[in-house]
Amino acid sequence: MANPSNSLNKILSGLLPDSFRYGVVALFCGSLLLSCSSGDNENKATESQEQTGLAHQQEQAPVEDDGKGIGPVSSIEVSADIDDALAAEGKTIFEGKCSACHQLTDQKIVGPGLLGVTEKRKPEWIMNMVINPEEMTKKDPTAKKLLAEHLTQMTNQNINEKDARAILEFLRQNDLQAQGK
Ligand code: HEC
(Lines give C-alpha, C1' and ligand atoms only; values in the text may rest on other atoms or scores of the structure.)
Protein backbone atom coordinates (compact mmCIF):
# COMPACT_ATOMS: atom_id res chain seq x y z
CA MET A 1 0.00 0.00 0.00
CA ALA A 2 1.34 3.50 -0.83
CA ASN A 3 2.18 5.31 2.35
CA PRO A 4 -0.34 8.15 2.52
CA SER A 5 1.76 10.11 4.98
CA ASN A 6 4.65 10.33 2.46
CA SER A 7 2.63 11.79 -0.40
CA LEU A 8 0.82 14.09 1.95
CA ASN A 9 4.18 15.15 3.29
CA LYS A 10 5.33 16.04 -0.25
CA ILE A 11 2.29 18.12 -1.03
CA LEU A 12 2.48 19.96 2.24
CA SER A 13 6.24 20.55 2.14
CA GLY A 14 5.79 23.21 -0.57
CA LEU A 15 3.12 25.01 1.37
CA LEU A 16 3.82 24.96 5.06
CA PRO A 17 6.58 25.47 7.60
CA ASP A 18 8.11 22.19 8.88
CA SER A 19 6.71 22.16 12.39
CA PHE A 20 3.17 22.82 11.24
CA ARG A 21 3.49 20.23 8.48
CA TYR A 22 4.43 17.44 10.88
CA GLY A 23 1.52 18.35 13.04
CA VAL A 24 -0.88 18.05 10.11
CA VAL A 25 0.64 14.73 9.01
CA ALA A 26 0.37 13.37 12.51
CA LEU A 27 -3.25 14.44 12.73
CA PHE A 28 -4.04 12.87 9.36
CA CYS A 29 -2.44 9.55 10.28
CA GLY A 30 -4.12 9.59 13.63
CA SER A 31 -7.53 10.06 12.07
CA LEU A 32 -6.82 7.26 9.57
CA LEU A 33 -5.98 4.89 12.40
CA LEU A 34 -9.00 5.95 14.35
CA SER A 35 -11.41 5.48 11.47
CA CYS A 36 -9.98 2.04 10.75
CA SER A 37 -10.14 0.80 14.27
CA SER A 38 -13.57 2.21 15.01
CA GLY A 39 -14.82 0.51 11.83
CA ASP A 40 -13.48 -2.74 13.21
CA ASN A 41 -15.22 -2.32 16.48
CA GLU A 42 -18.51 -1.67 14.77
CA ASN A 43 -18.12 -4.88 12.80
CA LYS A 44 -17.42 -6.83 15.94
CA ALA A 45 -20.39 -5.27 17.69
CA THR A 46 -22.78 -6.28 14.92
CA GLU A 47 -21.30 -9.75 14.79
CA SER A 48 -21.73 -10.36 18.48
CA GLN A 49 -25.23 -8.91 18.40
CA GLU A 50 -26.08 -11.36 15.67
CA GLN A 51 -24.65 -14.19 17.72
CA THR A 52 -26.55 -13.31 20.88
CA GLY A 53 -29.66 -12.82 18.76
CA LEU A 54 -29.27 -16.38 17.53
CA ALA A 55 -28.59 -17.81 20.96
CA HIS A 56 -31.70 -16.03 22.16
CA GLN A 57 -33.83 -17.55 19.45
CA GLN A 58 -32.51 -20.99 20.22
CA GLU A 59 -33.35 -20.53 23.88
CA GLN A 60 -36.89 -19.56 23.07
CA ALA A 61 -37.48 -22.33 20.59
CA PRO A 62 -39.81 -24.92 22.11
CA VAL A 63 -37.75 -27.49 23.95
CA GLU A 64 -38.93 -30.90 24.96
CA ASP A 65 -39.79 -31.11 28.63
CA ASP A 66 -36.67 -32.44 30.31
CA GLY A 67 -38.53 -32.99 33.56
CA LYS A 68 -36.33 -30.59 35.49
CA GLY A 69 -38.92 -27.86 35.77
CA ILE A 70 -38.46 -24.11 35.54
CA GLY A 71 -36.42 -22.20 38.07
CA PRO A 72 -32.93 -21.61 39.38
CA VAL A 73 -32.00 -25.27 39.77
CA SER A 74 -30.63 -26.76 36.56
CA SER A 75 -28.53 -29.62 37.85
CA ILE A 76 -27.84 -31.12 41.27
CA GLU A 77 -26.08 -34.21 42.53
CA VAL A 78 -27.80 -36.50 45.00
CA SER A 79 -25.99 -39.46 46.47
CA ALA A 80 -27.69 -42.79 47.08
CA ASP A 81 -27.36 -42.33 50.85
CA ILE A 82 -29.41 -39.92 52.89
CA ASP A 83 -27.64 -37.07 54.62
CA ASP A 84 -29.50 -37.32 57.94
CA ALA A 85 -28.48 -33.91 59.25
CA LEU A 86 -29.66 -32.23 56.05
CA ALA A 87 -32.92 -34.21 56.13
CA ALA A 88 -33.50 -33.09 59.73
CA GLU A 89 -33.10 -29.46 58.63
CA GLY A 90 -35.58 -30.10 55.83
CA LYS A 91 -38.05 -31.65 58.27
CA THR A 92 -38.07 -28.49 60.41
CA ILE A 93 -38.72 -26.28 57.38
CA PHE A 94 -41.37 -28.67 56.08
CA GLU A 95 -43.26 -28.64 59.36
CA GLY A 96 -43.19 -24.86 59.48
CA LYS A 97 -43.99 -24.01 55.86
CA CYS A 98 -45.48 -26.97 54.04
CA SER A 99 -47.38 -29.33 56.32
CA ALA A 100 -50.50 -27.12 56.33
CA CYS A 101 -51.05 -28.20 52.73
CA HIS A 102 -49.07 -31.42 52.34
CA GLN A 103 -49.01 -34.74 54.13
CA LEU A 104 -46.12 -37.18 53.94
CA THR A 105 -48.49 -40.00 53.03
CA ASP A 106 -50.33 -40.26 49.72
CA GLN A 107 -53.31 -38.41 51.19
CA LYS A 108 -54.24 -35.03 49.76
CA ILE A 109 -55.05 -32.07 52.00
CA VAL A 110 -54.87 -28.84 49.98
CA GLY A 111 -51.98 -30.10 47.89
CA PRO A 112 -51.10 -33.66 46.94
CA GLY A 113 -49.70 -36.10 49.48
CA LEU A 114 -45.95 -36.17 48.92
CA LEU A 115 -45.26 -39.87 49.47
CA GLY A 116 -43.37 -41.18 46.44
CA VAL A 117 -42.77 -37.75 44.96
CA THR A 118 -38.99 -38.30 44.75
CA GLU A 119 -39.61 -41.39 42.63
CA LYS A 120 -42.01 -39.62 40.30
CA ARG A 121 -40.03 -36.39 39.75
CA LYS A 122 -36.46 -35.39 39.17
CA PRO A 123 -34.70 -33.75 42.12
CA GLU A 124 -34.29 -30.51 40.13
CA TRP A 125 -38.03 -30.46 39.37
CA ILE A 126 -38.93 -30.81 43.05
CA MET A 127 -36.56 -28.00 44.07
CA ASN A 128 -37.83 -25.70 41.31
CA MET A 129 -41.44 -26.43 42.31
CA VAL A 130 -40.68 -25.54 45.92
CA ILE A 131 -38.74 -22.36 45.05
CA ASN A 132 -40.78 -21.18 42.07
CA PRO A 133 -44.33 -22.59 42.25
CA GLU A 134 -46.16 -19.78 40.41
CA GLU A 135 -44.07 -19.98 37.26
CA MET A 136 -44.06 -23.76 37.43
CA THR A 137 -47.87 -24.03 37.44
CA LYS A 138 -48.02 -21.60 34.51
CA LYS A 139 -45.35 -23.13 32.29
CA ASP A 140 -44.25 -26.58 33.35
CA PRO A 141 -46.54 -29.22 31.83
CA THR A 142 -46.54 -31.49 34.89
CA ALA A 143 -47.13 -28.67 37.37
CA LYS A 144 -49.90 -27.27 35.16
CA LYS A 145 -51.71 -30.61 35.37
CA LEU A 146 -51.33 -30.64 39.15
CA LEU A 147 -52.91 -27.19 39.41
CA ALA A 148 -55.77 -28.31 37.17
CA GLU A 149 -56.32 -31.23 39.55
CA HIS A 150 -55.97 -29.43 42.87
CA LEU A 151 -57.41 -26.05 41.86
CA THR A 152 -55.36 -24.16 44.44
CA GLN A 153 -52.15 -22.36 43.57
CA MET A 154 -49.30 -23.55 45.76
CA THR A 155 -48.00 -20.48 47.56
CA ASN A 156 -44.46 -19.21 47.28
CA GLN A 157 -42.96 -19.84 50.72
CA ASN A 158 -39.75 -17.87 50.04
CA ILE A 159 -37.58 -20.94 50.04
CA ASN A 160 -33.97 -20.46 48.93
CA GLU A 161 -31.92 -23.10 47.14
CA LYS A 162 -30.19 -24.27 50.28
CA ASP A 163 -33.49 -24.83 52.11
CA ALA A 164 -35.05 -26.45 49.06
CA ARG A 165 -32.12 -28.88 48.98
CA ALA A 166 -32.75 -29.74 52.65
CA ILE A 167 -36.46 -30.30 52.00
CA LEU A 168 -35.58 -32.53 49.05
CA GLU A 169 -33.37 -34.62 51.34
CA PHE A 170 -36.23 -34.92 53.82
CA LEU A 171 -38.64 -36.06 51.08
CA ARG A 172 -36.06 -38.59 49.86
CA GLN A 173 -35.73 -39.91 53.39
CA ASN A 174 -39.52 -40.14 53.69
CA ASP A 175 -39.70 -42.20 50.49
CA LEU A 176 -36.83 -44.52 51.41
CA GLN A 177 -38.27 -45.15 54.88
CA ALA A 178 -41.62 -46.02 53.32
CA GLN A 179 -39.82 -48.69 51.29
CA GLY A 180 -38.44 -50.05 54.54
CA LYS A 181 -34.90 -48.85 53.82
C1 HEC B 1 -51.19 -23.23 50.26
C2 HEC B 1 -50.92 -24.64 50.21
C3 HEC B 1 -49.52 -25.09 49.90
C4 HEC B 1 -48.36 -24.83 50.59
C5 HEC B 1 -48.17 -23.93 51.80
C6 HEC B 1 -47.32 -25.60 49.94
N7 HEC B 1 -47.85 -26.29 48.89
FE8 HEC B 1 -46.85 -27.56 47.68
N9 HEC B 1 -48.47 -27.76 46.51
C10 HEC B 1 -49.70 -27.23 46.78
C11 HEC B 1 -50.61 -27.52 45.68
C12 HEC B 1 -52.06 -27.11 45.60
C13 HEC B 1 -49.84 -28.26 44.75
C14 HEC B 1 -50.28 -28.74 43.36
C15 HEC B 1 -49.89 -27.67 42.34
C16 HEC B 1 -50.77 -26.45 42.46
O17 HEC B 1 -52.00 -26.58 42.43
O18 HEC B 1 -50.20 -25.31 42.60
C19 HEC B 1 -48.53 -28.41 45.32
C20 HEC B 1 -47.50 -29.13 44.73
C21 HEC B 1 -46.32 -29.46 45.35
C22 HEC B 1 -45.35 -30.42 44.88
C23 HEC B 1 -45.49 -31.29 43.64
C24 HEC B 1 -46.16 -32.58 44.07
C25 HEC B 1 -46.23 -33.61 43.00
O26 HEC B 1 -47.06 -34.53 43.10
O27 HEC B 1 -45.45 -33.55 42.05
C28 HEC B 1 -44.33 -30.43 45.77
C29 HEC B 1 -43.06 -31.27 45.71
C30 HEC B 1 -44.66 -29.49 46.79
N31 HEC B 1 -45.87 -28.91 46.52
C32 HEC B 1 -43.86 -29.21 47.88
C33 HEC B 1 -44.12 -28.21 48.81
C34 HEC B 1 -43.21 -27.82 49.85
C35 HEC B 1 -41.87 -28.47 50.11
C36 HEC B 1 -43.79 -26.79 50.52
C37 HEC B 1 -43.21 -25.99 51.65
C38 HEC B 1 -42.02 -25.24 51.37
C39 HEC B 1 -45.10 -26.57 49.91
N40 HEC B 1 -45.26 -27.44 48.87
C41 HEC B 1 -46.01 -25.62 50.35
C42 HEC B 1 -50.07 -26.50 47.89
C43 HEC B 1 -49.17 -26.00 48.82
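Residues numbered from 1 in each chain as written. Predicted model: local features only at pLDDT ≥ 70, side-chain atom pairs only at ≥ 80, totals over all residues.

In the nomenclature of an unreviewed UniProt entry, the protein is known as Mono/diheme cytochrome c family protein of Pontibacter ramchanderi.

Draft legend 1. Expanded view of the site of the ligand. Surveying the vicinity of the ligand reveals 28 residues, the closest of which are Cys98, Cys101, Gly111, Leu147 and Met154. Listing elements by their share of the shell around the ligand, those giving two or more residues are α3 (84-97), α5 (123-131), α6 (133-139) and α7 (141-150). Among the elements that make up the shell around the ligand, the one with the highest residue count is α7 (4 residues). In terms of residue class, the shell around the ligand is built from 18 nonpolar, 8 polar and 2 charged. (Near = placed C-beta within 6 Å. Helix = DSSP H or I, 4+ residues; strand = E, 2+ residues; numbered from the N terminus. Nonpolar A, V, L, I, M, F, W, Y, C, P; charged D, E, K, R; others polar.)

Draft legend 2. Quick look at the nonpolar core. One finds Ile126, Met127, Val130, Ile167 and Leu171 to be the most contacted residues of the largest nonpolar core, which totals 21 residues. Residue assignment for this core shows that the elements contributing at least two residues are α3, α5 and α8 (161-178). Discounting residues that sit within four places of it in the chain, Ile126 has contacts with Val117, Thr118, Arg121, Leu168 and Leu171. (Core = buried A, V, L, I, M, F, W, Y, C linked by C-beta atoms within 7 Å. Buried ≥ 20, exposed ≤ 12 C-beta atoms within 10 Å, placed from the backbone. Contact = placed C-beta atoms within 7 Å.)

Draft legend 3. Structural view of the packing of α3 against α8. Packing of α3 against α8 brings their axes to within 7 Å, and their N-to-C directions diverge by 100 degrees. Judged by the angle between their axes, α3 and α8 are roughly perpendicular. Taking contact as the criterion, the partners of Leu86, Ala87, Glu89, Gly90, Lys91, Ile93 and Phe94 in α3 are, on α8, Asp163, Ala166, Ile167, Leu168, Glu169, Phe170 and Gln173. By residue class, the composition of the contact of α3 with α8 is 8 nonpolar, 2 polar and 4 charged. (Axes fitted to C-alpha atoms, helices over the stretch in contact; angles between N-to-C directions. Parallel < 35°, antiparallel > 145°, perpendicular 65-115°, else oblique.)

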